[in-house]
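Next come the chains, spelled out residue by residue.
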Amino acid sequence: MISPNKNKYPSGLCFVLILLTTFSITTCSTHTSSPKSDGEYSFVVYGDLRQGFGVYEKLARNMGNIKPVPLMAVCTGDLLFKAGKEAEWINFWKFSKPITEVMPLLIARGNHEGNDLPSEWLLRKQTNIAEGDPFYFSRQLEKQKLIILDTEIRGEENAIINDQLHWLKEELNLSTSNAEIDGIFIFMHRPLYRQGRNKGQKLKNAEELHQLFVEHKKIKAVVAGHDHMYHFQNKDGINYVISGGAGAQLRHGYGGDFYHYIKFSFSDTDKSVNMKTIGLFNEIMEEKNL
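Residues numbered from 1 in each chain as written. Predicted model: local features only at pLDDT ≥ 70, side-chain atom pairs only at ≥ 80, totals over all residues. Heavy atoms only, no water.

**Let's talk about the pattern of salt bridges**
- One pass over the structure, following the stated rule, counts 11 salt bridges.
- Residue K97 pairs with E101 through a salt bridge whose shortest N-O separation is 3.9 Å.
- By relative accessible area, which is 28% here, K97 ends up partly exposed.
- With its nearest N and O atoms 3.5 Å apart, the salt bridge here joins E171 to K145. Of this pair, E171 sits in helix 4 (residues 162-177) while K145 sits in strand 5 (residues 144-148); the two residues are 26 residues apart in sequence, bridging distant segments of the chain.
- One continuous salt-bridge network, built from bridges that share partners, spans R109, E120, D150 and R154. (Salt bridge = Lys/Arg side-chain N within 4 Å of Asp/Glu carboxyl O. Buried < 20%, exposed > 50% of the residue type's maximum accessible area, 1.4 Å probe, protein only. Helix = DSSP H or I, 4+ residues; strand = E, 2+ residues; numbered from the N terminus.)

Structure (structure tokens):
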């Protein structure tokens, strides 16, 4: 998916914005070996801006300045404050430029992007998504499979069911049996298990999904947004991460109340996965080996 505003940018500038489509991805930067602790390649994740562009601008610049350049960025949704507002989309592309000028961007639709007909029409207009294409898809990034889910399908909100669930099961089976794939990462807007002031709430079929994930040992992390905080938990061997701190108002009093993005780094030599949660001033807030 190419931004419809691409004519504003000079010829030859790599500006690939991919949003919930089935198009192929091509990266455009030259990658060199990174320090061993950060592996040979990486991708970054963030979510929940909701017009908090003062924070997002700094985070985006920090992500865009990472060397070597990450191969991908993933947003877990709620990049808008109010669905159907074209001016908000324009601002999002503007403040995302430090990211999108150097790496592709995948976005999981959040509830603030809307799922009524006018909002979906604008979303398709902004992102060149063909009429009828689903807002869930997968990509292979080196030896990692990235699966983007849609928790906002009209009539199926707060769940992964029906056609999407059938598709997800097929994707997991294919990825598990593929010797070329070392790890699987799943992204969605609403988390299976909410945290903070909404702790105790969960997706309608959270337990069904959790049991499905437990069956697939290649899953390295399930990453969501929606709660404006950072949170990590391991449940039956599955790493659940909430990353909702890219500019929206933080939820204080529950821990994890800091602005951040997450960097996943990989080493093909030992198949290691390093996860760093990085704050507004590039400080490492938490580091884990998955």
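Don't stop here, the text continues.
**With respect to the sheet that holds strand 2 (residues 72-75)**
- Strand order across the open sheet formed by six strands is 3-2-1-10-11-12, with mixed pairing between neighbours. This sheet does not close on itself; its edge strands, each paired only once, are strand 3 (105-107) and strand 12 (284-289). Strand-to-strand twist of the sheet, defined as the mean angle between neighbouring strand axes without regard to direction, takes the value 20°.
- Where strand 1 (residues 41-46) meets strand 10 (residues 260-267), five bridges bridge the pair, whose relative direction is antiparallel. Pairing of V44 across the sheet is with K263, part of strand 10. (Pairing = 2+ DSSP bridges. Axes fitted to C-alpha atoms, helices over the stretch in contact; angles between N-to-C directions.)

**Here we look at the pairing of strand 2**
- Neither face of strand 2 is open: one carries M72 and V74, the other A73 and C75, and all of them are buried.
- Pairing analysis gives four bridges linking strand 1 to strand 2, with the strands arranged parallel. Among the inter-strand pairings, Y46 is bridged to a residue of strand 2, identified as C75.
- For the handedness criterion, the β-α-β arrangement of strand 1, helix 1 (residues 53-64) and strand 2 is classed as right-handed.
- Sheet topology places strand 2 next to strand 3; three bridges connect them, and they run parallel. Residue A73 lies in a different strand from strand 3, and its bridge partner there is L105.
- Crossover connection from strand 2 via helix 2 (residues 86-100) to parallel strand 3: handedness right-handed. (Right-handed = clockwise from strand over helix to strand, strands pointing away.)

**Regarding the packing of helix 2 against helix 3 (residues 117-127)**
- Interhelical geometry of helix 2 versus helix 3 gives an angle of 35° and a closest axis separation of 11 Å. Taken as a pair, helix 2 and helix 3 cross one another with a handedness that is right-handed. Between helix 2 and helix 3, the residues in contact are E86, W89 and W93 and L122, L123, K125, Q126 and T127, respectively.
- In terms of residue class, the contact of helix 2 with helix 3 is made up of four nonpolar, two polar and two charged. (Left-handed = near helix turned anticlockwise from the far one by under 90°. Contact = heavy atoms within 4.5 Å. Nonpolar A, V, L, I, M, F, W, Y, C, P; charged D, E, K, R; others polar.)

**What about the nonpolar core?**
- Membership of the largest hydrophobic core comes to 31 residues, with the highest contact counts inside it found for Y46, L49, Y56, F92, I99 and Y261.
- Elements with a minimum of two residues in this core: strand 1, helix 1, strand 2, helix 2, strand 3 and helix 3.
- If you tally residues by element for this core, the top one is helix 1, at six residues.
- Here L49 is in contact with Y56, C75, D78, L79, F92, A246, G247 and A248, once residues within four sequence places are set aside.
- Membership of the second largest hydrophobic core comes to 25 residues, among which are I160, L209, I219 and V222. (Core = buried A, V, L, I, M, F, W, Y, C linked by side-chain atoms within 4.5 Å.)

**Some points on the pairing of strand 4 (residues 137-141)**
- Burial within strand 4 is extensive, with four of its five residues counted as buried.
- Here five bridges tie strand 4 to strand 5, and the two strands are oriented antiparallel to one another. Bridge pairing links R139 to L146 in strand 5.
- In sequence, strand 4 turns back onto strand 5 through a hairpin of two residues, with E142 there showing a positive phi of about 55°.

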